[in-house]
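The residues making up each chain are set out below.
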Amino acid sequence: MEAVDKKVKINSNETIESPWRMTYRRLKKNKLSMVGFVILLGMFIFSFIGPFLSPHDMITTNVLNANKPPSSQFWLGTDSVGRDVLLRLMLGGRISLLVGLVSVAISVFIGTLVGGLSGFYGGWIDNVLMRIADIFMAVPTMPILVILAAVMSDLKVLPERRIFVVMFILGILSWAGLSRLVRGQILTLREQEFMQAAEALGLKDSRKIFKHLIPNVVPTIIVNATLGIGSSILMESALSFLGLGVVPPIPSWGNMIQSVNNFYNFQNRPWLWIPPGVCIFLTVMAINLFGDGLRDALDPKLKR
Amino acid sequence: MRQYITRRVLQMIPILLGLSIIIFGLFALAPGDFIDANLSKNLSAEKVAELKALYGFDQPLHIRYFRWAGDALRGNLGDSLQFSKPVTSVINDYVWNSFILSAFSYLLSIILAVPIGIISATKQYSKFDMGATVVALIGISMPAFFLGLLMIKIFAIDLHILPVSGMRTAGLNATGFAAMADVGKHLILPTLVLAFSGVGSLMRYTRTSMLEVIKQDYIRTARAKGLSEKTVIYRHALRNALIPIVTILGLMLPGLFGGAMITEQIFAFPGIGKIALGALSKRDYPLMMGFNMFMAVLVLLGNLLSDILYAAVDPRVRLK
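Since the structure is predicted, the reported quantities are computational estimates derived from the model, not experimental observations. The residue numbers shown here count from 1 along each chain, following its written sequence. To read the labels, note that chains go from A and ligands from 1, taken in the order they are written. Local features are withheld for residues below a pLDDT of 70 in this predicted model, meaning they are given only at 70 or higher, and side-chain atom pairs are given and counted only at 80 or more; totals for whole chains, interfaces and linings count all residues.

1. A few points about the overall build of chain A
To keep it simple, the criterion reads: Only DSSP runs of H or I reaching four residues or more are called helices, and only runs of E reaching two or more are called strands; each is numbered from the N terminus. Field definition: a residue is buried when 20 or more other C-beta atoms are found within 10 Å of its C-beta, exposed when 12 or fewer are, and partly exposed for counts in between, with C-beta atoms placed from the backbone. Here the contact rule is simple: place C-beta atoms from the backbone, and any two residues whose C-beta atoms are within 7 Å are in contact.
Secondary structure assignment for chain A yields 14 helices and zero strands. Buried positions account for 43% of the 304 residues belonging to chain A. Residue pairs in contact within chain A that sit at least 24 positions apart in sequence constitute 70% of those at least 6 positions apart.

In structure tokens, the structure reads:
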């Protein structure tokens, strides 16, 4: 990222807008994407700072307070063991957002590395890597996710560790698309003059790839990653809802909705399952709005 | 064209091989099997060992893989342990329920998405465009299972106008039209849920594709010739804009037969997706593996179909 910024500043004595500043200016003009950004920021504050402001805690259970509807004491009511739903919602948000962020980080890491190597070296390396990517592209995601999750249950993975496994699995299954995008762009960038200059300077391959080629692909990666967080959160929530992702006692937005498996809860206690669903929806929606805005702002072809 | 298709089919072979290894490997990772999960409590240790030998669970991994893959190539996916009949016939029993559900929802989403996408693109940044874009985004961002639950709560539980779940009313001995109406009623909610999540991405896809075409030079030429806006859009632009959309139809194939696991689960709809989820909790591995291979083949066939369709409607592709 910084490499691009510096290059612009060094080469120009006049004030030329750096690409990042230009992106920021365009993004600020896009109202919908700013709405998305604000919601997203709100969700992060809600999930990561909110729990510190809550008077309740997760450890004490109190059967006397069980299944209370929303009140001034419990803003979103309580669950079957008397825990505050609002606090669980915040803590669940931490997990859901973290799973989204980390799994995308994994997928971006693998996707960029594979795409970079594939595009730069070409030949048999490209062939092998892209065939592997083809295989991962054709993986039927949901069935495979479900099996992996069941295998985890059989291996008796602890709930705390399961979260990491879920992040890892989601990341492993979603890098292929990005690797193709990166490879495609690197193929064209490789032929440009600045790469001949890099060649003439006798730079190492790793330096050429990671300092000169990849920074030029960063916009694609950012857009892909942003939108990827949304789909990651959706998948995690579906898995956790099926009881196959993040499992209790650790709350996640998906597994909180599991309370509908009790029909009485489903029918009469909407405060147990509607708030987490709304949170998933709002977060993913915000990410999509922001991601779309980012794409428009980063793509110079779409000048309005 | 024939050469192109042959090449694409040959490319599928290593992918299929890789997928089968991944799928088999996953099941090999799992420590329990059907006998441990369901029967071992009531059986003596020798009986368990005997049963495991009978199903080949005691063999080393690579032998089990080659045996399974060899059988699969001949169209034999083994026997489902839970249904006590061939996996292929279990799939055949339930896949058509899924097909009906998916077919209706796809039809609905295509009917809605394509025209709205086109109008949205021709009136870019208008109120209609903004509204459609927001609705599409809502569809994409809404978790299908949550939408399903909300619909059941509103229409089935609170308003009592539609059935909660299943595909037929239990104990209803209707035939002919009445039976069809009963199935139809059960289909409404799951169809809507599936269509709502599908319509968003298809609409955005149509819109983007149309926008790209409208910006091209030949469209300006057509306008300069003095053609009416209608002719320009619907005769000149639409044809090229539909090319990428046609390929989506190919990519939809796996969903059409593969069922929608989560939606079927929510609505207790007896489709292949729900059966596959059920097979998992019973550790019915042959059925799960068979279903996964079936899905993998469908995905590959879908990709193939979409590439062929693309090459058929756009001759430029074949030359690459």
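After that view, the rundown keeps rolling.
2. Quick look at the overall build of chain B
Each helix and strand in chain B was counted, giving 15 helices and two strands. Taking all 320 residues of chain B together, the buried fraction comes to 37%. In chain B, of all internal contacts separated by at least 6 residues, the share reaching a separation of at least 24 is 74%.

3. Brief notes about helix 5 (residues 85-121) of chain A
All names here are of chain A. Defined as follows: Helix span, expected: 1.5 Å multiplied by one less than the number of residues in the helix.
For helix 5, which comprises 37 residues, the first-to-last C-alpha distance of 53 Å matches the rise-based estimate of 54 Å (1.5 Å per residue) to within 8%. Most of helix 5 sits out of view: 27 of its 37 residues are buried. Positive backbone phi, at 60 degrees, marks Gly122, one or two positions downstream of helix 5.

4. Topic: the interface of chain A and chain B
Where we set the bar: Residue polarity is assigned by list, with Asp, Glu, Lys and Arg as charged and Ala, Val, Leu, Ile, Met, Phe, Trp, Tyr, Cys and Pro as nonpolar; anything else, Gly included, falls into the polar class.
Taken together, the contacts link 34 residues of chain A with 37 residues of chain B. Mapped onto the side of chain A that touches chain B, the elements with two or more residues apiece are helix 6 (123-138), helix 7 (141-154), helix 11 (205-241), helix 13 (263-268) and helix 14 (270-298) of chain A. Looking at which element gives the most residues to the side of chain A that touches chain B, the answer is helix 7 of chain A, with nine residues. Classifying every residue of the side of chain A that touches chain B by side-chain character gives 26 nonpolar, five polar and three charged.

5. Regarding the UniProt feature "transmembrane region" (unreviewed entry) in chain B
Residues and elements named next belong to chain B. Inclusion rule: UniProt positions are given in the numbering used here, feature names are shortened, and annotations may be inferred rather than shown by experiment.
UniProt tags residues 12-30, 94-119, 131-157, 187-205, 241-262 and 291-313 as "transmembrane region" (unreviewed entry). Annotation note: span residues 94-119, helix share 100%, strand share 0%, distance between end C-alpha atoms 38 Å. Between the end C-alpha atoms of residues 291-313 the distance is 32 Å, and the span holds 100% helix and 0% strand.

6. What about the domain arrangement of chain B?
Residues and elements named next belong to chain B. This is how the line gets drawn: These domain boundaries are the output of an automatic or database domain assignment.
In terms of domains, chain B is made up of domain 1 (15-87) and domain 2 (94-317). Here the C-alpha centre of domain 2 lies 35 Å away from the C-alpha centre of domain 1. Each partner contributes residues to the interface: domain 1 has 20 residues there, and domain 2 has 13 residues. For the side of domain 1 that touches domain 2, the elements supplying multiple residues, two or more each, are helix 1 (2-29), helix 2 (34-39) and strand 1 (79-80).

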